[in-house]
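Listed below are the residues making up each chain.
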Amino acid sequence: MDSMIGLFVLTTLAMFFFFGEILIRMKGIGALIGVITIGMYFSANLSLMDLIFVGIGFAVGLGMIIVDGKFLNEGILGIIGFIVLNFSIAFAAPDPLSATYSIAGVILGSVCSLILLKVPKLPKRKMWGKMTLKDQLTSEQGYNSINESHTQLVGKKGVTETILRPTGTIVIDDERYDGVSQAEWIEQGENIKVVSVDGTRILVERLD
């Protein structure tokens, strides 16, 4: 049982610092601690060849999460990366029960790292900006500035310029806006209607 708790602690710390580095500018300190702790976890249970194989899988999974958060903002690649990451963690465990403890540590560490986003003075990275609708909308980019006139969009009809999954670009009265669908993907060129507006969040639905 002590060894299982030890694996749980190692994976919790590793993912807390890895994701902490992804979300917050920690000047590489989080990544270093993450590498050390996950290295301790892998080296305790794997031969050299397996360590190389699993280490590559872990790095690929983590890389997919970073690419999704930084560039794609779709979530799909990030989910796949998280699954790959967990598979490598489970593979390195000596038995199924230890794998369960280890994966629980991955989940706990990942969730706990989100607490860092609530600390006001910590410099945050721009990750998953489009999915959280935190993009800066500027006229130079072809978007309307954020102002009270957005409330006048409620009830208006338009068309999707890009796929909404669930966020994307919509066109209403020949003007471009960021829009978000109601828990569904809406293909490009579909007719839509604005349901509500909350700050920068323009909620739309597909017209039948």
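Residues numbered from 1 in each chain as written. Predicted model: local features only at pLDDT ≥ 70, side-chain atom pairs only at ≥ 80, totals over all residues. Heavy atoms only, no water.

Remarks on the side chain of Asp68
Turning to its location among the elements, Asp68 is positioned in helix 3 (residues 48-72). Arg165 provides the closest opposite charge to the buried, unpaired Asp68, separated from it by 9.3 Å. Here the side chain of Asp68 touches Gly78 through a polar contact of 2.6 Å, landing on its backbone nitrogen. (Helix = DSSP H or I, 4+ residues; strand = E, 2+ residues; numbered from the N terminus. Buried < 20%, exposed > 50% of the residue type's maximum accessible area, 1.4 Å probe, protein only. Lys, Arg positive; Asp, Glu negative; His and termini not counted. Salt bridge = Lys/Arg side-chain N within 4 Å of Asp/Glu carboxyl O. Polar contact = N/O pair within 3.5 Å; in protein donor to acceptor, adjacent residues only side chain to side chain.)

Re a nonpolar patch on the surface
A cluster of nonpolar side chains, contributed by Leu48, Met49, Ile52, Ile56 and Val60, occupies part of the molecular surface with about 530 Å² of accessible area. Positionally, Ile56 belongs in helix 3. (Patch = residues over 30% accessible without salt bridge, like charges linked within 9 Å, V, L, I, M, F, W, Y side chains within 5 Å. Areas by Shrake-Rupley, 256 points an atom, 1.4 Å probe, with all protein chains shown as cover.)

With respect to the confidence of the model for the chain
Taken residue by residue, the chain gives an average pLDDT of 85. The fraction at 70 or more is 88%. At the low end of the mean pLDDT range in the chain sits strand 5 (residues 201-206), at 88; at the high end sits helix 5 (residues 96-113), at 95. A low-confidence stretch, residues 131-141 stays under pLDDT 50, and its non-local contacts, those more than four residues away or across chains, total 19 contacts. (pLDDT = per-residue confidence, 0-100. Contact = heavy atoms within 4.5 Å.)

Some thoughts on the pairing of strand 4 (residues 191-198)
Remark: a regular strand shows side chains that alternate across the two faces of the sheet. Examined bridge by bridge, strand 1 (residues 157-160) and strand 4 share three bridges and lie antiparallel to one another. Bridge pairing in strand 4 places Lys157 opposite Lys193. Where strand 4 meets strand 5, six bridges bridge the pair, whose relative direction is antiparallel. Bridging from a neighbouring strand, Asp198 pairs with Arg201 of strand 5. Between strand 4 and strand 5, which pair antiparallel one after the other, the connecting turn spans two residues, and Gly199 there sits at a positive phi close to 70°. (Pairing = 2+ DSSP bridges.)

What to know about helix 3
Given a rise of 1.5 Å per residue, 25 residues ought to cover 36 Å, and the 34 Å separating the end C-alpha atoms of helix 3 matches this to within 8%. Turning to helix 3, its buried residues number three or more, namely Val54, Phe58, Gly61, Leu62, Met64, Ile65, Asp68 and Gly69. Count one or two residues on from helix 3 and you reach Asn73, which has phi positive near 60°. (Expected span 1.5 Å × (residues − 1).)

So, the sheet that holds strand 4
Strand order in the closed barrel formed by five strands is 1-2-3-5-4, with mixed pairing between adjacent strands. The sheet shows a mean angle of 55° between the axes of neighbouring strands, direction not considered. Looking at chain direction, strand 1 and strand 2 (residues 167-172) are connected through two bridges and run antiparallel. Bridge assignment links Thr160 to a residue of strand 2, and that residue is Ile170. (Axes fitted to C-alpha atoms, helices over the stretch in contact; angles between N-to-C directions.)

Some remarks on the environment of Cys112
Looking at the secondary structure, you find Cys112 in helix 5. Taking the C-alpha atoms as reference points, Cys112 and Thr12, separated by 100 residues in sequence, lie 8.8 Å from one another.

Overview of the packing of helix 4 (residues 76-92) against helix 5
For the pair helix 4 and helix 5, interaxial distance at closest approach is 9 Å and the crossing angle is 140°. With respect to helix 5, the element helix 4 is oriented oblique. As for how helix 4 packs across helix 5, the hand of that crossing is right-handed. Every residue of helix 5 that contacts helix 4 at Phe82, Leu85, Asn86, Ile89 and Ala90 is listed here: Ala99, Ser102, Ile103, Val106 and Ser110. Per-class residue counts for the contact of helix 4 with helix 5 are seven nonpolar, three polar and no charged. (Parallel < 35°, antiparallel > 145°, perpendicular 65-115°, else oblique. Left-handed = near helix turned anticlockwise from the far one by under 90°. Nonpolar A, V, L, I, M, F, W, Y, C, P; charged D, E, K, R; others polar.)

Regarding the nonpolar core
Ile38, Tyr41, Phe42, Phe58, Leu85 and Ile89 are the most contacted members of the largest nonpolar core, which has 22 residues in total. Mapped onto this core, the elements with two or more residues apiece are helix 1 (2-23), helix 2 (29-45), helix 3, helix 4 and helix 5. When near neighbours in sequence (up to four residues on either side) are disregarded, Ile89 contacts Thr11, Ile38, Tyr41, Phe42, Phe58, Ser102, Ile103 and Val106. If you look at the next biggest cluster of nonpolar residues, it comprises 11 residues, including Leu153, Leu164, Ile172 and Val197. (Core = buried A, V, L, I, M, F, W, Y, C linked by side-chain atoms within 4.5 Å.)

Concerning the packing of helix 2 against helix 4
Following both chains from N to C, one finds helix 2 and helix 4 inclined at 40°, their axes separated by 9 Å at the closest point. In terms of their interaxial angle, helix 2 and helix 4 are classed as oblique. Between helix 2, through Ile38, Tyr41, Phe42 and Asn45, and helix 4, the contact on the second element is made entirely by Ser88, Ile89 and Ala92.

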